[in-house]
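What follows is each chain in one-letter form.
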Amino acid sequence: MTDKNDDQEPDKSIFSVDNGQPGIGLVLGGGLARGFAHIGVIRTLKKHGIYPSIVTGTSIGAVVGAAYLSGKLNEFEDWSLSLGRLRVLSYLDFRVRSAGLIGGERLKSILEDHFGDMQIEDLPHPFIAIAADLVTGHEVWLRKGNLVQAITASFALPGVFPPVERNHRYLVDGALVNPCPVSPCQAMGARMTVAIDLNADLIGKAVKPGQSFQTVAGFDLFNDADVPPEKQKPFKNFTLTRRLFRREDNNPSLFGVMVSALGIVQDRITRSRLAGDPPDVHIKPHVGHIGLLEFEKAKELIILGEEAAERAMPEIKAAMAVLLPPTP
């Protein structure tokens, strides 16, 4: 089910970016921090002269897709590489009386710094951000209107970020309904779909010898190795953060349980959706050992994305030879 009044064709004359190749659709799945692997995949595709002309994304996939189509992928990559645990914490505006634990205004401000008041129609090629209607459970395709609002809705994880109101709907993270959105890409006219699935090795592969559950959950606020003790004081003085992030010995924190539960949900839904709507090329970066909130590992994730795309390159080129019309 699509958002209301969103059937207008994008104006392809606004931005001077790489010319997309007709018929190639890029599907960018959700996965929180693991989404930085998308950057490496796109870099590798471009290195081989492959420029998708239709992009769909869920959650972090919507953010990366918007950066790619708006010609701001370099800026987004630089920002991702600058992230450390402390800087990530600085973006989290905790709320007590709110529909989400995190207000999201600081993150929204960062997005507005990058995208301004850009509209989805301004992008040079078709783009869809996936969200879920909190009331009906419907899958919502956002392909018109304010770009920042659309991608914010796409990553509005229930309980963590407040829902985004749009056209009299309350929208939340699209990963709840379609973590790797192949079907919208096909509906927009893609003759060949390349899907980057960040959930392919989540279950049963993340925990390795010597790792704890909390390591995989990837967010220990009160860990001296990640955040200096003097920097922890403002958070320790806030009762909500202590209750959310404090853990004892090897027991997970409340937030760690929430994030790991999200990983399970994404894994199961992704398997089901891709079984019904399989992509022509399925790229599976080996990112299961990295926690969903380990944003400080952007460099490693980008490299893993590059490696996954290189492994899939023979399959991509073979699919192009069969599915795409020859260039005149």
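Residues numbered from 1 in each chain as written. Predicted model: local features only at pLDDT ≥ 70, side-chain atom pairs only at ≥ 80, totals over all residues. Heavy atoms only, no water.

1. Some remarks on the overall build of the protein
Okay, step 1: Check the secondary structure of the protein and you find twelve helices and eight strands.
Okay, step 2: In the protein, which comprises 328 residues, the share counted as buried stands at 55%.
Okay, step 3: For the protein, the share of sequence-separated contacts (at least 6 apart) that also reach a separation of at least 24 residues comes to 77%.
Okay, step 4: Within the structure as shown, the protein displays about 14100 Å² of accessible surface, and the carbon and sulfur contribution to it stands at 53%. (Helix = DSSP H or I, 4+ residues; strand = E, 2+ residues; numbered from the N terminus. Buried < 20%, exposed > 50% of the residue type's maximum accessible area, 1.4 Å probe, protein only. Contact = heavy atoms within 4.5 Å. Areas by Shrake-Rupley, 256 points an atom, 1.4 Å probe, with all protein chains shown as cover.)

2. Focus: the confidence of the model for the protein
If pLDDT is low for a region, its predicted coordinates should not be looked at in detail.
Okay, step 1: Per-residue confidence for the protein gives a mean pLDDT of 81, with 72% of residues at or over 70.
Okay, step 2: A low-confidence stretch, residues 1-5 stays under pLDDT 50, and its non-local contacts, those more than four residues away or across chains, total 19 contacts.
Okay, step 3: Note that residues 7-17 has pLDDT below 50 and, in this model, 25 contacts with residues that lie over four places away or in other chains. (pLDDT = per-residue confidence, 0-100.)

3. Observations regarding the nonpolar core
Okay, step 1: Of all hydrophobic cores here, the largest spans 76 residues; its most connected members are F36, F76, F127, L147, I151, I283 and I316.
Okay, step 2: In this view, I283 contacts V41, V194, A195, I196, D197, A308, A309, A312 and I316; residues no more than four positions away in its chain are not counted.
Okay, step 3: Grouped together as the second largest cluster of nonpolar side chains are eight residues, V27, I54, V182 and A195 included. (Core = buried A, V, L, I, M, F, W, Y, C linked by side-chain atoms within 4.5 Å.)

4. Regarding the side chain of T58
Okay, step 1: Residue position: T58 is located in strand 2 (residues 52-58).
Okay, step 2: Judged by relative accessible area, which is 0%, T58 ranks as buried.
Okay, step 3: Among the polar contacts made by the side chain of T58, one reaches the main-chain carbonyl oxygen of N178 at a distance of 2.8 Å.
Okay, step 4: Not counting residues up to four positions away in its chain, the partners in contact with T58 are L28, G29, G30, I130, S154, D173, G174, A175, N178, P179 and P181. (Polar contact = N/O pair within 3.5 Å; in protein donor to acceptor, adjacent residues only side chain to side chain.)

5. Notes on the packing of helix 2 (residues 60-69) against helix 6 (residues 147-154)
Okay, step 1: The N-to-C vectors of helix 2 and helix 6 enclose an angle of 155 degrees; their axes lie 7 Å apart at closest approach. In terms of axis orientation, helix 2 runs roughly antiparallel to helix 6. Every pair of crossing elements has a handedness; the one defined by helix 2 and helix 6 is right-handed. Residues A62, V63 and A66 of helix 2 form the contact with helix 6, whose own contacting residues are L147, I151 and S154. (Axes fitted to C-alpha atoms, helices over the stretch in contact; angles between N-to-C directions. Parallel < 35°, antiparallel > 145°, perpendicular 65-115°, else oblique. Left-handed = near helix turned anticlockwise from the far one by under 90°.)

6. Quick look at helix 5 (residues 105-115)
Okay, step 1: Every buried residue of helix 5 is listed here: L107, I110, L111, H114 and F115. Projection of helix 5 onto a plane perpendicular to its axis shows the buried side chains occupying an angular sector of 120 degrees, all on one side.
Okay, step 2: The inward-facing, buried residues of helix 5 contact helix 2, helix 3 (73-81) and helix 6.
Okay, step 3: Among the residues trailing helix 5, G116 stands out with phi positive, at a value near 60 degrees. (Arc of directions from axis to C-beta.)

7. Description of the pattern of salt bridges
Okay, step 1: Enumeration over the complete set of coordinates arrives at seven salt bridges.
Okay, step 2: The residue E77 makes a salt bridge to R43 at a minimum N-O spacing of 2.8 Å. Residue E77 is located in helix 3, and its partner R43 is located in helix 1 (residues 37-47); the two are separated by 34 residues in the primary sequence.
Okay, step 3: Connected via shared salt-bridge partners are D267, R268 and R271. (Salt bridge = Lys/Arg side-chain N within 4 Å of Asp/Glu carboxyl O.)

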